[in-house]
Structure formats: C-alpha cells, structure tokens
Amino acid sequence: MDKQSIIQYKNTFDSIATYIEGDNGKEKVEIWFARELQKVLEYARWENFQSAIRRAVESCKTQGINVDDHFREVTKMVQLGSGSLRDIQDFMLTRYACYLIAQNGDPKKEPIAFAQSYFAVQTRKAEIIEERINYIARLESRDRLRASEKQLSQNIYERGVDDKGFGRIRSKGDAVLFGGHTTEDMKKRLGVKDSRPLADFLPTLTIAAKNLATEMTNYNVEGKNLFGEPAITREHMQNNQSVREMLGKRGIRPEELPPAEDIKKLERRVASEEKKIEKTSSKLPKKK
C-alpha cells in the first residue's frame, strides 16, 4: 500500500468519525456508525456487514470484555427515494469495536488491511499507521513462508527426502537467490545467530521472494511428481534463479538488502500493542 493510498484512506476514515458526550458530560467519545463504516470497508450488503459485526461481538465476549462498552444498536431515520421516512438498524461503534470488525474481515481487501492498523493505533498520524501496515505485512509474509516451507518439507518427505535433505535443498536454493552466498554466508553478513532462521531477519521483499520460489517448487514437485533429492534440488534452484532474475531486472540484489528487525521482537510488539487497544479506546456512555 503506497503513501498516497494510506493518506486517502486515513482522510476517509477520519471523515466518518464523530463524537458523542461521555458519562461525565465533559469527555468526548469517538465513535463510528456501522452504516458508514460498511461503505468504506467496501461491504456491498448490510447483511454481510452484520455478520462481521456479530463475529466481532463474539470476539469481544470471548476476551471477557463488556460488549455494551463498545457496540450499541441504534435506530436511524432515513429518507427513501419516494420521499417517505423509514427506521433502519445501525450501530454505534468505538475504535476497539471497529478494530475487531476489521480483524474479522478479509485483509486481502486493501481498505480492511488499512483499517486493521488505523483502528489499532491511538494516534492518527499517517506515518505511524504506515509503519504498522508495513510490519504487519512483514509478519504475514513470514507466516506464508513458514507455511510453504512446511508444505515443501511434507511433499519431499513423501518423495524420499529426509529432514537433512530438506535443509540441503533449502540452502542450495538460498545460494542461488543470494548470488552464490549460502545461508551461512548470509547469516554472517546480517549478524544472525546460527540457531536462528535467516528468514526471521530478512526484509519483507526477500521473504516474499523466498516464498515465491518455494511455492513454485511445491507446485512443480506435485505437478511433475518429482522424486528424490537431486531432482527436487534442481527444481528448487531453478525456481530461485527465476526469482533472482526477475528481481535483477528491477535492479534488486537480495544479498545487498539490509537486515530487518528480528521477527520475534516484532511479534512480541504486535501482541503487546493489541492487548492495549481496548484499554486505550474510549467507552460508550452507559445507557440511560
């Protein structure tokens, strides 16, 4: 997601926020109405968005949080095309409620991916939102690589390759992707301990490149029914070569990219931030 898109989304989400009076008559509670949020999250039908709200409410209950503090059903009067008026269902939602709704949406949809970070941070600064979007993207890329490597390990085990063979295949693929530098070489260059996976310290782009090569290997190992370490090694090396050539055409050399923050620290930070979201979100005033 580029900076301009982030700013546009931020302005849109800011524009539909409103404030109501809190319990003490002084505090202002920031809220969003579900009908307006539905539109910016690009849910075509209210019924589908209601399902997302119900999932968010269940998530709130599961965490032992008072639902009434964050979700409130209200009725709105709207004018129909004929000019007559009709009551429709709506919800007042706190920032935390909106966050839960976004978390229960499809992050492949750009406005939902944006909303997951927008409602997670207390500040509305675009650069802070952008930073969170970027490191969430890195965490998701790392998870995808773990999954594709696990699938490859299972695939090749069924085709006569043990764990040590999997390690050799992956290392030879790395050597191709990193222009002749082995996994061990790259760990030394990036200051990674021997006991830690190299991918935990790679930038998002390199993680995505490794994942693409691994997915291609999975696809062809299954599709071509490759068997044995030599055949699968050749396939994985060829796929890493293809990915490297693609990056090279855009002037990118994976071995020259700087290391990124330890993924484990990033995971802990995200988990810590998420625990604080409900506490830092305003609460709806008590029903009168």
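The structure reproduced in this document is the subject of the present report.

About the cut-offs
- Throughout, residues of each chain are indexed from 1 in the direction in which the sequence is written.
- Reporting in this predicted model follows two pLDDT cut-offs: at least 70 for local features of residues, and 80 or more for side-chain atom pairs to be given and counted; totals over whole chains, interfaces and linings ignore these cut-offs and use all residues.
- For side-chain calculations, the full set of non-hydrogen atoms in the structure is used, while hydrogens and water are omitted.
- For helices, the fitted line uses only the C-alpha atoms of the stretch in contact; every axis is such a line through C-alpha atoms, and the angle between N-to-C directions lies from 0 to 180 degrees.
- Every helix listed is a DSSP run of H or I at least four residues long, and every strand listed is a run of E at least two residues long, numbered separately from the N terminus.
- Every angle not falling under 35 degrees, over 145, or within 65 to 115 is termed oblique; those three ranges are roughly parallel, roughly antiparallel and roughly perpendicular.
- In a left-handed crossing the near helix is turned counterclockwise from the far helix by less than a right angle, and in a right-handed crossing that turn is clockwise.
- In this analysis, two residues are considered to be in contact whenever any of their non-hydrogen atoms come within 4.5 Å of each other.
- Note on residue classes: Ala, Val, Leu, Ile, Met, Phe, Trp, Tyr, Cys and Pro are nonpolar, Asp, Glu, Lys and Arg are charged, and everything else, Gly too, is polar.
- What a helix should span is 1.5 Å times the count of its residues minus one.
- Buried, partly exposed and exposed residues are distinguished by accessible area as a fraction of the type maximum, computed with a 1.4 Å probe on protein chains only: under 20%, between the cut-offs, and over 50%, respectively.
- Buried Ala, Val, Leu, Ile, Met, Phe, Trp, Tyr and Cys residues that are joined via side-chain atoms within 4.5 Å together make up what is termed a nonpolar core.

### Some remarks on the packing of helix H6 (residues 126–157) against helix H9 (residues 204–223)
Reasoning step 1: Interhelical geometry of H6 versus H9 gives an angle of 25° and a closest axis separation of 9 Å. When the interaxial angle is binned, H6 and H9 end up roughly parallel. Where H6 crosses over H9, the two elements pack in a sense that is left-handed. On H9, the residues that touch Asn134, Ala137, Arg138, Ser141, Arg142, Arg144, Leu145, Ser148, Glu149, Gln151, Leu152 and Asn155 of H6 are Thr204, Ile207, Lys210, Asn211, Thr214, Glu215, Thr217, Asn218, Val221 and Glu222.
Reasoning step 2: When grouped by side-chain class, the residues that make up the contact of H6 with H9 number five nonpolar, ten polar and seven charged.

### Side note on helix H10 (residues 229–249)
Reasoning step 1: The end-to-end C-alpha separation of H10 is 30 Å, in line with the 30 Å expected for 21 residues at 1.5 Å each.
Reasoning step 2: Along H10, the positions that sit buried rather than exposed are Ala231, Ile232, Thr233, Glu235, His236, Asn239, Asn240, Val243, Arg244 and Leu247.
Reasoning step 3: Residues of H10 that are buried in the fold lie against H6, helix H7 (163–177) and H9.
Reasoning step 4: Downstream of H10 by a residue or two, Gly251 has a phi angle that is positive, lying close to 75°.

### Considerations on the nonpolar core
Reasoning step 1: Grouped together as the largest cluster of nonpolar side chains are 40 residues, with contacts concentrated most on Phe13, Leu37, Phe49, Phe71 and Ile101.
Reasoning step 2: Among the secondary structure elements, those contributing two or more residues to this core are helix H1 (3–15), helix H2 (34–40), helix H3 (46–62), strand E4 (85–93), helix H4 (95–103), helix H5 (110–118) and H6.
Reasoning step 3: Once you skip the residues sitting within four places of it in the chain, Phe71 turns out to touch Ile53, Ala56, Val57, Cys60, Met92, Leu93, Ala97, Leu100, Ile101 and Leu284.
Reasoning step 4: Leu177, Met186, Ala199 and Ala209 belong to the second-largest nonpolar core, a separate cluster that totals 15 residues.

Note that all results are geometric; they support no functional claim without further evidence.
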